[in-house]
Number of protein chains: 2
Amino acid sequence: MINAYAAHERGAKLEPFAFDPGPLGPRDVEIDVEHCGICHSDLSMLDNEWGFTTYPLVPGHEVVGTVAKLGSAVTHLQAGDRVGVGWQAGYCHLCRSCLSGDHHLCAKAAGTIVGRHGGFADKVRADAISAVKLPDGVDPASAGPLFCGGITVFSPLLQHNLSPTARAGVVGIGGLGHLALMFLRAWGCEVTAFTSNDAKRDEALRMGAHRAVNSRDPAALAAEAGRFDLIISTVNATLDWNAYIGALAPKGRLHIVGAALEPLALGVFGLISGERAVSGSPVGSPAAIATMLDFAARHRIKPVIETFPMAHVNDAIAHLRSGKARYRVVLSR
Amino acid sequence: MINAYAAHERGAKLEPFAFDPGPLGPRDVEIDVEHCGICHSDLSMLDNEWGFTTYPLVPGHEVVGTVAKLGSAVTHLQAGDRVGVGWQAGYCHLCRSCLSGDHHLCAKAAGTIVGRHGGFADKVRADAISAVKLPDGVDPASAGPLFCGGITVFSPLLQHNLSPTARAGVVGIGGLGHLALMFLRAWGCEVTAFTSNDAKRDEALRMGAHRAVNSRDPAALAAEAGRFDLIISTVNATLDWNAYIGALAPKGRLHIVGAALEPLALGVFGLISGERAVSGSPVGSPAAIATMLDFAARHRIKPVIETFPMAHVNDAIAHLRSGKARYRVVLSR
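Scoring rules and cut-offs
Residues numbered from 1 in each chain as written. Chains lettered and ligands numbered in written order. Predicted model: local features only at pLDDT ≥ 70, side-chain atom pairs only at ≥ 80, totals over all residues. Heavy atoms only, no water. Phe/Tyr/Trp six-rings, centres within 6.5 Å; stacked < 30°, edge-to-face > 60°. Buried < 20%, exposed > 50% of the residue type's maximum accessible area, 1.4 Å probe, protein only. Helix = DSSP H or I, 4+ residues; strand = E, 2+ residues; numbered from the N terminus. Lys NZ or Arg CZ within 6 Å of the ring centre and 35° of its normal. Least-squares fit on C-alpha atoms with pLDDT ≥ 70 in both. Contact = heavy atoms within 4.5 Å. Expected span 1.5 Å × (residues − 1). Buried area = accessible area lost by both parts, 1.4 Å probe. Salt bridge = Lys/Arg side-chain N within 4 Å of Asp/Glu carboxyl O. Nonpolar A, V, L, I, M, F, W, Y, C, P; charged D, E, K, R; others polar. Pairing = 2+ DSSP bridges. Domains from an automatic or database assignment. Axes fitted to C-alpha atoms, helices over the stretch in contact; angles between N-to-C directions.

Regarding the packing of aromatic side chains
Alright, step 1. Per the stated rule, a full pass over the model turns up 20 aromatic pairs over all chains.
Alright, step 2. Ring geometry for F17(B) and F19(B): centres 5.6 Å apart, planes at 25 degrees, overall stacked.
Alright, step 3. By relative accessible area, F17(B) is classed as buried at 17%.
Alright, step 4. Relative to W87(B), the ring of W50(B) lies with its centre 6.4 Å away and its plane at 85 degrees, an arrangement referred to as edge-to-face. Highlighted residues: W50(B) in the loop between helix 1 (40-46) and strand 4 (63-70) and W87(B) in the loop between strand 5 (82-85) and strand 6 (88-90), separated in sequence by 37 residues.
Alright, step 5. In this structure W87(B) comes out as buried when scored by relative accessible area, which is 18%.
Alright, step 6. An aromatic cluster is present here, built from F154(A), F183(A), W187(A) and F295(A) joined pairwise through their rings.
Alright, step 7. The residue whose ring lies beneath R326(A) is Y327(A), and the NZ or CZ to ring-centre distance is 5.9 Å.

The structure is reproduced here in structure tokens:
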């Protein structure tokens, strides 16, 4: 049996929930959960914001723990290995994306909490390929958020083969954004934080930003015209996207990782005249996650977290909903 | 004196117009015009659609001719050299874009017909760097359209380092689109034409497309879901952009070269989930134009044109406005 915390209907408080996960698949592992981050998408799933939640829902997709059981075909992990699992807990392994190393783009990728039970539990199961080993130098207690929030902002740097000479901006300094600042600073870039929060402005400068710009001040934004090679937006609000396009240098790129619900109303002229792009991406492949962990270890990058005991999961969720989390909430068993 | 054809007010017919171009600048050339294509943006300028036309306007920015006079500092061209000039007739040569070889992104680039007089004339002047020599094997009588329409669709293949293994689509089979089909076919790609015109469908297949899809049939478009690595849109109408995003493979790109006036209402989810991009670009640098001309010569690519004597310029313009041009109109002296 797995002892978890589940919501039984939309928006409900989590309650203890025990279930039998059945026999372990040959390519799967069972992980003893030590820590699990809470991501904004756990809230979206709790609230069925995207329409595909099934209840009871056990949230949690920023899992760190140790391998407890291995499926019969798993040879690359051993019992006791410390691993992490993010938004995805399985892949088809057969499609062109999987075979190209882009498992995260697999059309059949299994979401860790989509039709499955996640990491707010004593154990969680996952396709062994989706469980990535923590290298030495990565602190297990704070590593959970790297597996969803971290890879989401690290992946664009790999995708676009970002040069350390780039001028980069980060819009929204929260769970994802604060990690983006740290990664970009270690990457060698000029780093600008866009935030409307004065307290976060100072923290952003301490976390790695060279500069901060008030994201709600149209004049401040206009003064940035033509500056950035890359702007990563982590927010899910609707911004003045064309102002951010205007802040891009020739050949610059606005990269969206925040799931804004409203369509972007993009003027074509800004894209054409400056040879600019708008792109997006979800999380990252297992190989990209391993690359990120090595980079984080080498540069001593770790998420800034607040820790709650897993038994206080409802308090932790309320704290995240309040918008006061700085910068990621992690449950520890 | 230069003898040209000019419109003296918005939408007016062109009339003979003689003007004194003044002394030749040290870095400029004067070109004896032999041929000049007519581009849709000549019509936009005639109609002051973009608000920056000055009258009298001498249109024409797909010029082919021979060098007649050289400025004192010009050493890389000789009198008699056959050259072409496109949308841009000058650069600052000093900004980071110019110094990086991206002259076409220079903020001070001079449009050939923006505050200057263009190629509907016996002579035209241009910055010598913007006048690119025609290699052997490029037919002067049909080459004019390569210098604006051609480079506009060729440049994206260079920008994105397109693989010959790509599946590529072209939306809109007109002056730009028909050249895109030819370039992509020679590039080695699988080529799909999107058109709503049955006659153009058959011609598109003859010009290099492997397949054609009815761009106005939602079911046909839906059946293309997930197929394309690159779609180049040459149209300036508003399309169901999200349907084209849906037609992209993982990591695919919708590249816009048609100056659609309405903003693109792009759903974020399609970009994020498939790691897709929307980008745009204007024409190309002198180096890119030279590369295109070499490629066109090697692959015997030439625009499909209809020729009018320059003295019949108003008939030629009326023909282009009628939407019946197949596929580019060229004036010859």
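Points about the relation of the copies chain B and chain A
Alright, step 1. Taken as rigid bodies, chain B and chain A are interconverted by a rotation of 180 degrees and an axial shift of 0.0 Å, the fit giving an RMSD of 0.0 Å. Here the two chains are linked by the operation of a two-fold rotation axis. Relative to the rotation axis, the closest C-alpha in chain B is found at A265(B), a distance of 2.3 Å.
Alright, step 2. When the interface residues of chain B are mapped onto chain A, 100% of them are again interface residues, pointing to one common binding face.

Digging into helix 5 (residues 175-187) of chain B
Residues and elements named next belong to chain B.
Alright, step 1. The end-to-end C-alpha distance of helix 5, which contains 13 residues, comes to 19 Å, matching closely the 18 Å that a straight helix rising 1.5 Å per residue would cover.
Alright, step 2. Burial analysis of helix 5 places 11 of its 13 residues in the buried class, which makes it a mostly covered element.
Alright, step 3. Among the residues of helix 5, those classed as buried are G175, L176, G177, H178, L179, A180, L181, M182, F183, L184 and W187.
Alright, step 4. Looking at the buried side of helix 5, the elements it contacts are helix 4 (149-159), strand 10 (167-171), strand 11 (190-195), helix 6 (198-207), helix 10 (286-298) and strand 18 (328-332).
Alright, step 5. Looking at the residues trailing helix 5, positive phi occurs at G188, about 105 degrees.

Description of the side chain of H103(A)
Alright, step 1. One can find H103(A) in the loop between helix 2 (96-99) and strand 7 (110-111).
Alright, step 2. Non-local contacts of H103(A), meaning those with residues more than four positions away in its chain, are made with Q88(A), Y91(A), H93(A), S97(A), C98(A), A109(A), I129(A), S285(A) and P286(A).

Focus on the interface of chain B and chain A
Alright, step 1. On the chain A side, the residues contacting the 33 residues of chain B number 33 residues.
Alright, step 2. Summing both partners gives a buried area of about 2,300 Å² for chain B against chain A, and 61% of it is carried by carbon and sulfur.
Alright, step 3. Among the residues chain B hides against chain A, the three largest losses belong to V268(B), I272(B) and E275(B). Together they make up 26% of the total.
Alright, step 4. Applying the counting rule to chain B against chain A returns 2 salt bridges.
Alright, step 5. Of the charged contacts in the structure, one is a salt bridge between K251(A) and D102(B), with a shortest N-O distance of 2.8 Å.
Alright, step 6. Counting only elements with at least two residues in the side of chain B that touches chain A, the list comes to helix 4, strand 14 (248-256), strand 15 (264-266), helix 9 (268-274) and strand 16 (277-280) of chain B.
Alright, step 7. Per-element accounting of the side of chain B that touches chain A gives the leading share, 5 residues, to helix 9 of chain B.
Alright, step 8. Here the residues of the side of chain B that touches chain A are counted per class, giving 16 nonpolar, 11 polar and 6 charged.
Alright, step 9. Relative to strand 15 of chain B, strand 15 (residues 264-266) of chain A runs antiparallel, the two being bridged by 3 bridges. Across the sheet, L266(A) pairs through a bridge with L264(B), a residue of strand 15 of chain B.

Let's talk about the domain arrangement of chain A
All names here are of chain A.
Alright, step 1. Assigned domains of chain A: these are domain 1 (2-148 + 284-332) and domain 2 (150-280).
Alright, step 2. Relative placement of domain 1 and domain 2: their C-alpha centres are 27 Å apart.
Alright, step 3. Facing 22 residues of domain 1, the contacting portion of domain 2 comprises 21 residues.
Alright, step 4. The largest contributions to the domain 1 side of the interface with domain 2 come from F295, I301 and Y327, which together make up 35% of the buried area.
Alright, step 5. Applying the counting criterion to the domain 1 and domain 2 interface returns 0 salt bridges.
Alright, step 6. Take the side of domain 1 that touches domain 2: its biggest share by element is 6 residues, from helix 10 (residues 286-298).
Alright, step 7. Each residue belonging to the side of domain 1 that touches domain 2 can be placed in one class, and the counts come to 14 nonpolar, 4 polar and 4 charged.

Looking at the sheet that holds strand 11 (residues 190-195) of chain A
Alright, step 1. Reading across from one edge, 12(A)-11(A)-10(A)-13(A)-14(A)-16(A)-16(B)-14(B)-13(B)-10(B)-11(B)-12(B) is the order of the 12 strands in this open sheet, with mixed pairing throughout. Two strands close off the open sheet at either side, each with one partner strand: strand 12 (211-214) of chain A together with strand 12 (211-214) of chain B. Averaged over all pairs of adjacent strands, the angle between strand axes in this sheet comes to 20 degrees, irrespective of strand direction.
Alright, step 2. In terms of strand pairing, strand 10 (residues 167-171) of chain A meets strand 11 of chain A through 5 bridges, oriented parallel. Residue pairing for strand 11 of chain A: V170(A) is matched across the bridge by A193(A).

Re the environment of T66(B)
All names here are of chain B.
Alright, step 1. Relative to the helices and strands, T66 resides in strand 4.
Alright, step 2. Taking the C-alpha atoms as reference points, T66 and E30, 36 residues apart in sequence, are found 8.6 Å from one another.
Alright, step 3. The contacts of T66, once residues within four sequence positions are left out, are E30, I31, D32, E34, G80, D81 and R82.

Notes on the pattern of salt bridges
Close approach of charged atoms allows side chains of opposite charge to pair.
Residues and elements named next belong to chain A.
Alright, step 1. Applying the stated criterion across every chain yields a total of 24 salt bridges over all chains.
Alright, step 2. A salt bridge links R211 to E224, with the nearest nitrogen and oxygen atoms 3.0 Å apart. Residue R211 is found in strand 12, and its partner E224 is found in the loop between helix 7 (218-222) and strand 13 (228-233); the two are separated by 13 residues along the sequence.
Alright, step 3. Judged by its relative accessible area of 6%, E224 falls in the buried class.
Alright, step 4. Each of E30, K69 and R125 takes part in one network of salt bridges that share partners.

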